[in-house]
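# Coordinates in review
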Amino acid sequence: MSTTTTIETTTDNKTQFLQETLTGLQSEPKFMRSKYFYDATGDRIFQQIMEMEEYYLTNAEMEILRYQSAQLSQAITADGTAFDLIELGAGDATKSIHLLKSLLDNKMEFSYVPIDISEHVISDLEENLPKKLPELDIKGLNGDYFDMLKKATQLSDRRKVVLFMGANIGNMTIADAEDFCSSLKQLLSPNDLLIIGFDLKKNPQQILAAYNDKGGITRSFNLNLLQRINKELDGNFNLENFEHYASYDPASGACKSYLISLKNQIVNIGRQAIHFAENEYIFMEISQKYALSDIDQLAEKTGFKPLQRFFDQHQYFVDAIWK
Ligand code: AVJ
């Protein structure tokens, strides 16, 4: 990538980050967009989250990919034609690598197109994946899911297989997930496939613990966004004046995290002053949990047809194939 492109993207991203941050903090109630968690430090803290005792999601989906990649790749390649494998929120691809291997072992003709909001994730992937999988044809895209998805669907006229794993859809409310899936369906052709991962409703204590870990890693993950605003948007949040609060509602399946202002205070972001009352909250993130019936409903409402489901042994998690 040339230096000029890097600088242009950065400026664009920064303006958008500032606008969205101010919009969220000038709203009532206040909110932030969880996609901004992932700066270099956020990426690192998220790695630590995935390694936490309490964060069962990673192992559960890893188990699915590790032991059922052959079946997954069979389902993907059933019609034998070449395709583009587009992965939304690819991360470090430690899970999808099992699927990629299996596809390569079966001599399938495909390109891997990882999309991630984190610039450094994409450059890492492009550098490191070819070392592990020399035959892999990879073209990473850095940006917002939807913008990059549009770009990705225009790369070739091959059929598309979209991977949306890791319970990334959990970061949307059910209403937003419906809009997202509908738009995705419209972007795809009738024979394209979607492989989508959901964290399932389960014991509420277990879910809450995953987002309220004893070691305080999720707490630092949330607070890091304030730090990022300080660094990148000239903010002056005092992190000690905010407290992490996580909640899970078993009825709706919504797991939400908040930062609570511990006192009446003013925070400056650039030239803007933002007032926080004592105990006022910033809604930081939703991690929506699904029942199997919720998942089928989502497919049906958005024009997809559920084809197959893959579970871990505890049924904590499901990767579903939709057409
Ligand atoms: C990356 C959206 C799947 O919601 O479980 C983990 C992000 N936030 N702990 C999730 C997250 C706090 C994660 N996803």
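Nothing here was measured: the structure is a model prediction, and the numbers come from that model.

## Considering helix H2 (residues 40-51)
For H2, built from twelve residues, the straight-helix expectation of 16 Å at 1.5 Å per residue is met to within 8% by its first-to-last C-alpha distance of 17 Å. Those residues of H2 not exposed but buried are Gly42, Asp43, Ile45, Ile49 and Met50. With its buried residues spanning 165° around the axis, H2 presents them on a single face. Facing away from the buried surface of H2 by more than 90 degrees, the exposed residues are Arg44 and Glu51.

## Notes on the site of the ligand
Residues in contact with the ligand, as listed here, are Tyr38, Phe46, Ile49, Tyr55, Gly166, Ala167, Asn168, Asn171, Tyr211, Phe221, Glu285 and Ser287. Contacts to the ligand include Tyr55, whose side-chain N or O atom sits 2.5 Å from an oxygen atom. One of the side-chain N or O atoms of Glu285 is found 2.7 Å from a nitrogen atom in the ligand. Against a free-state accessible area of 350 Å², the protein chains account for coverage of 97% of the ligand. Residue assignment for the shell around the ligand shows that the elements contributing at least two residues are H2 and strand S11 (281-288). Among the residues forming the shell around the ligand, the class breakdown is seven nonpolar, four polar and one charged.

## Observations concerning the packing of H2 against helix H9 (residues 217-232)
For the pair H2 and H9, interaxial distance at closest approach is 9 Å and the crossing angle is 175°. By the criterion of interaxial angle, the relationship of H2 to H9 is roughly antiparallel. Counted together, Thr41, Gly42, Ile45, Phe46, Gln48 and Ile49 of H2 and Ile217, Thr218, Ser220, Phe221, Asn224 and Lys231 of H9 form the full contact between these two elements. Along the lines of polarity and charge, the residues of the contact of H2 with H9 split into five nonpolar, six polar and one charged.

## Here's the deal with unusual backbone geometry
Geometrically, the link from Glu28 to Pro29 is a cis peptide bond, its omega value of 0° lying close to zero. Tracing the sequence through the fold places Pro29 in the loop between helix H1 (3-25) and strand S1 (30-31). Phi at Ala167 is positive, roughly 60°, even though this residue is not glycine. Looking at the element boundaries, Ala167 is found in the loop between strand S5 (159-164) and helix H7 (174-187). Even without being a glycine, Asn279 presents a positive backbone phi close to 75°. Position of Asn279 among the secondary structure elements: in the loop between strand S10 (272-276) and S11.

## Digging into the environment of Gly89
Mapped onto the fold, Gly89 is located in the loop between strand S2 (83-88) and helix H4 (96-105). Separated by 55 residues in sequence, Gly89 and Asp144 have C-alpha atoms that sit 9.4 Å apart. Not counting the four nearest positions on each side in its chain, Gly89 is found in contact with Ile115, Asp116, Tyr145 and Asn168.

## Describing the pairing of S11
A large share of S11 lies buried, amounting to six of its eight residues. In the sheet, S1 pairs with S11 via two bridges, with the strands oriented parallel. The residue bridging Lys30 from the neighbouring strand is Ile282, located in S11.

The rules behind the values
Residues numbered from 1 in each chain as written. Predicted model: local features only at pLDDT ≥ 70, side-chain atom pairs only at ≥ 80, totals over all residues. Heavy atoms only, no water. Helix = DSSP H or I, 4+ residues; strand = E, 2+ residues; numbered from the N terminus. Expected span 1.5 Å × (residues − 1). Buried < 20%, exposed > 50% of the residue type's maximum accessible area, 1.4 Å probe, protein only. Arc of directions from axis to C-beta. Near = heavy atom within 4 Å. Polar contact = N/O pair within 3.5 Å; in protein donor to acceptor, adjacent residues only side chain to side chain. Areas by Shrake-Rupley, 256 points an atom, 1.4 Å probe, with all protein chains shown as cover. Nonpolar A, V, L, I, M, F, W, Y, C, P; charged D, E, K, R; others polar. Axes fitted to C-alpha atoms, helices over the stretch in contact; angles between N-to-C directions. Parallel < 35°, antiparallel > 145°, perpendicular 65-115°, else oblique. Contact = heavy atoms within 4.5 Å. Pairing = 2+ DSSP bridges.

Any functional reading would require information beyond the geometric quantities listed.
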